[in-house]
Structures are given as structure tokens and as C-alpha cells.
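# Geometric and topological summary
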Amino acid sequence: MAGTSAGERALIAVASLALSILVGTVIVLVGGLLATCRTPVLTIGEVTLCYDPIAVWDRLFLGALGDPFSGGWSPLNAQFAVTLRETTILVFTGLSVALAFRAGIFNIGTQGQLVVGALASALAVLWAAPAFTGTVGAVVLVPLGLAAGALGGGFYGAIPGVLKAYADANEVITTIMLNFVAVLVVRYLVSDHFQDPTSQAIQTASLPEFAQFPSILFDPRLDFSLVALALALAVVGGVYYLLEHTSFGFDLRTAGLQPAAAEYGGVDSARTVVASLTLSGALGGVGGAVYVLMILGRFQTGVPSYGFDGITVSILAGNHPVGSVFAALLFGVLKSGSTVVDFATDVPPQLVGVLRGLIILFVAMPEFFRQIGRRIESDEPDVAAAPGGAADD
């Protein structure tokens, strides 16, 4: 697995997806045979089938796109907007996790960094909004909100980075624990200091419309902006260039693959750890800012688990920035299509969750084992050829 090419890995992913659909079909059939229903899809003697697996897969995939093969389909339909909306946020969180993974650091704290970035973005925009209005306000306040989100998430990501670099603290433990710290501290700050007095929910005041991402082509009520998606794609290009074409990216990748060799070559491992987790947190914070500026229009507690989903997106993408786009799109389709299955079929949501989990598990596990294989391979010392054929042994 460690030596598979990109083409071979793509074929493995397609085969894994097909296998997950096959196994999922069996599960749907068994569930449909065991369930009781008033209108079965098939009856043979005394045996009834309550769920149609073909309809389930059709709704899960094509429903998320808004039925592209139906008459009068438009790419601007509401369900496709939901899919692209989820994809946009997941690109940022997937990039956040992937950047840290490339440096050999397991950042499990993207969710906390996203939450901190989201609150920082909302507060910064609310603070500056009275001084602006109209188009000028949009040009100033949206970048301000994104910058505040990046600073908030980057600062929160730097905390476990410093702990790992200078106290040898395990980043998996610290980042997981800091997720809970972020959620609870943010909840306290909003409820006690920044609460919207007109709302029963724990949230800040609403941002002015001109301070949010503009809706282009899509209906403004769909909470999706092509500008935000374009920003996500631009960030993907920037992260790819950073990793593949800069000296810092080379140091980061080398530290991730061969830490001892990187140290010997003059790479400051402590600085690399702090910088990689800071950048990783900043990307998560930008994802939180986009969530506030595109979807909610305010900060509210109970932020969805985009950060944890970003871990899966990163693994699906093989920690590659460009791959994160396609992995995020797959995840966005599954999340959006699940709601369509819930409304359009009698299949219980728990079973739909099982199908989503199967797809993610089957597609992600080969890539997960490949990454483990690469890590083991990089940790093995090179054995020089010795006289008498010892190296062959």
C-alpha cells in the first residue's frame, strides 16, 4: 500500500466505493425484510420488502445534486446549494488537518479552532460594522471577518504547537482536550458577555447583510455563496504551492516524513511544529469565519462537527490539498443526500447514517493503511549492501 501510485489509489477508491454500495444494499434489503410497513415496495407471498435500495442510493447521490437527469434541472437548485455549502466548509477543515498531517502532526483540534475562529470573526465584524455600510462595508468587513477567524484559529492552534515543541506534550491529547475547552469557554463568553438580548438561543447579535458573503446566482435564502467557494479553491491552490514549491513547505514535508533527517539537515523542528499547527489552526479558523459569514450570519453555540469531519476528508484525500476538494465534495454529497433520503423514503435516519459510515469507512481505510505503511517505511533505517549478499537477506 505504501508504494501505490496515484492512479492505483484512485482505482482502489472507486472499487471501495462500489463495494460499500454492495454491502450497503445488502443491509438495506435485510432491514427492509425485518421492518414492518403499510406500503411495501415488494411482496412475494408472505414476505414483504419495505425499503427499495435503488431508491435509497438514487436519493443519496442524485438527490444531493437536485436530480440532474430530471427535466428542467438547474445547477442553481436548492439541494445542490446545500451540497456546495457543506463542501465549502469541509475544504477548509480538510486542508487544516492535511497541512498538520503533512508535518507529521495529528491535529485533532480543528473543531475547537473552527469554533474560536467563528466567534472571533463574528465579534470583529460586529465591532467594525457601525463604521461602514453598503458595498464599501462588504469590501472591508468580509476580509476583516476572515482575517479575525484566521487569527483566532491560528492562535488556538499555536497553543498545542508550543506545548508539543517545548514541553513534548502529545498533540493528539492536547488538541482533543482543547476542543472541549474551546466549546465551553466560547459558550461562557457568548452567554455572559456577547449575548443577543432579543434571542433565547446562546448567540451574538446578527451581522448586517452587507457584512456577509454576497449571494451570486443562487437564491440568498440558500445560505451559499460562490465567492466563498472560490475563496476555498484559491486557498487550496495557495496551500499546494506552499507545500510543494517553497522552502518552508519542503521543511514541513521533510519533518513529517523523516524527522531525524530533517533535524540533521538544519530544519528547526520546534519552529516547524509551532508554525504548522498555527497555519493548520488558521485554516480551521477561516472555515469558522466562512460558517458565520455565509451560513449563520451570527455566531451561535452548537456549531456542527465540521472539524471532526475534516479528519475524514483529509484521510480520503491522502493529505493532498487538491484531493481535499474531491473528498470534501463526496462528503458534502453524503451529508446533503442524507437529508433527501430522510424526506423521500421510509428508511430510518439511523440506517442512512450506517450507509454513510460504510462509504466513508470503505473509501478511507485503504488510504489510512497506506499512510501507516509510509510512516513505517520512513522509520526503517536504510541498509547498505554488504559483501556476500547480506543486504539481500
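Everything numeric in this text was worked out from a predicted model, so none of it was measured.

Chain-level statistics for the protein give a pLDDT mean of 88 and a share of 93% at 70 or above. Element-level pLDDT for the protein is lowest in helix α9 (residues 259-264), with a mean of 64, against a maximum mean of 97 in helix α4 (residues 110-128). Confidence drops under pLDDT 50 across residues 383-393; counting only partners more than four residues distant or on other chains, this segment forms three contacts.

Here the focus is the packing of helix α3 (residues 78-102) against α4. Taken N-terminus to C-terminus, the directions of α3 and α4 make an angle of 125°; their axes are 10 Å apart at the nearest point. Judged by the inter-axis angle, α3 sits oblique to α4. Our pair here, α3 against α4, has a crossing hand that is right-handed. Between α3 and α4, the contacting residues are Ile89, Thr93, Ser96 and Val97 on the first element and Thr110, Gln113 and Leu114 on the second.

In a structure, side chains of opposite charge can pair up when their charged atoms sit close to one another. As enumerated under the stated definition, the model contains seven salt bridges in all. Of the charged contacts, one joins Glu86 and Lys335 as a salt bridge, the two residues approaching to 3.2 Å between their closest N and O atoms. Taken together, the residues span a long stretch of sequence, with Glu86 in helix α3 and Lys335 in helix α12 (residues 321-344) at a distance of 249 residues. According to the relative accessible area criterion, Glu86 is buried, its value standing at 10%. Assessed through its relative accessible area of 19%, Lys335 is described here as buried. Between Lys164 and Glu171 there is a salt bridge; the shortest N-O distance is 3.1 Å. When its relative accessible area of 6% is taken as the criterion, Glu171 is described as buried.

Given two aromatic rings, one states the distance between the centres and the angle between the planes to describe the pair. Across all of its chains, the model carries four aromatic pairs by this definition. Taking the centre distance of 5.1 Å and the plane angle of 65° together, the rings of Phe101 and Phe106 count as edge-to-face. On the basis of relative accessibility, which here comes to 35%, the residue Phe106 falls in the partly exposed class. Between Phe218 and Phe224, the ring centres sit 5.1 Å apart and the planes meet at 90°, which makes this aromatic pair edge-to-face. Owing to a relative accessible area of 5%, Phe218 belongs among the buried residues under this scheme. By relative accessible area, Phe224 is classed as buried at 1%.

Thresholds applied
The written sequence of each chain sets the order in which its residues are numbered from 1. This being a predicted model, a pLDDT of at least 70 is required before a residue's local features are given, and a value of 80 or more before pairs of side-chain atoms are given or counted; all residues contribute to the totals for chains, interfaces and linings. Side-chain descriptors were evaluated using all non-hydrogen atoms of the structure, hydrogens and water having been removed beforehand. As a per-residue measure, pLDDT tells how confident the predictor is, with possible values from 0 to 100. The helix and strand labels rest on DSSP assignments: H or I over at least four residues marks a helix, E over at least two residues marks a strand, and numbering proceeds from the N terminus. Between two residues, a contact is recorded if the distance between any of their heavy atoms is within 4.5 Å. Angles shown run from 0 to 180 degrees and are taken between the N-to-C directions of axes, each axis being a line fitted to C-alpha atoms and, for helices, limited to the stretch in contact. With respect to orientation, any angle under 35 degrees is reported as roughly parallel, any angle over 145 as roughly antiparallel, any angle of 65 to 115 as roughly perpendicular, and every other angle as oblique. By convention the crossing between two helices is left-handed if the near helix lies anticlockwise of the far one by an angle smaller than a right angle, and right-handed if it lies clockwise. We count a salt bridge whenever a side-chain nitrogen from Lys or Arg sits within 4 Å of a carboxyl oxygen from Asp or Glu. For every residue, the accessible area (1.4 Å probe, protein chains only) is compared with the maximum for its type, and the residue is labelled buried under 20%, exposed over 50%, or partly exposed between those bounds. Between rings of Phe, Tyr and Trp, where Trp is taken as its six-membered ring, a pair exists when centres lie within 6.5 Å; planes separated by under 30 degrees are stacked, by over 60 edge-to-face, and by other angles tilted.

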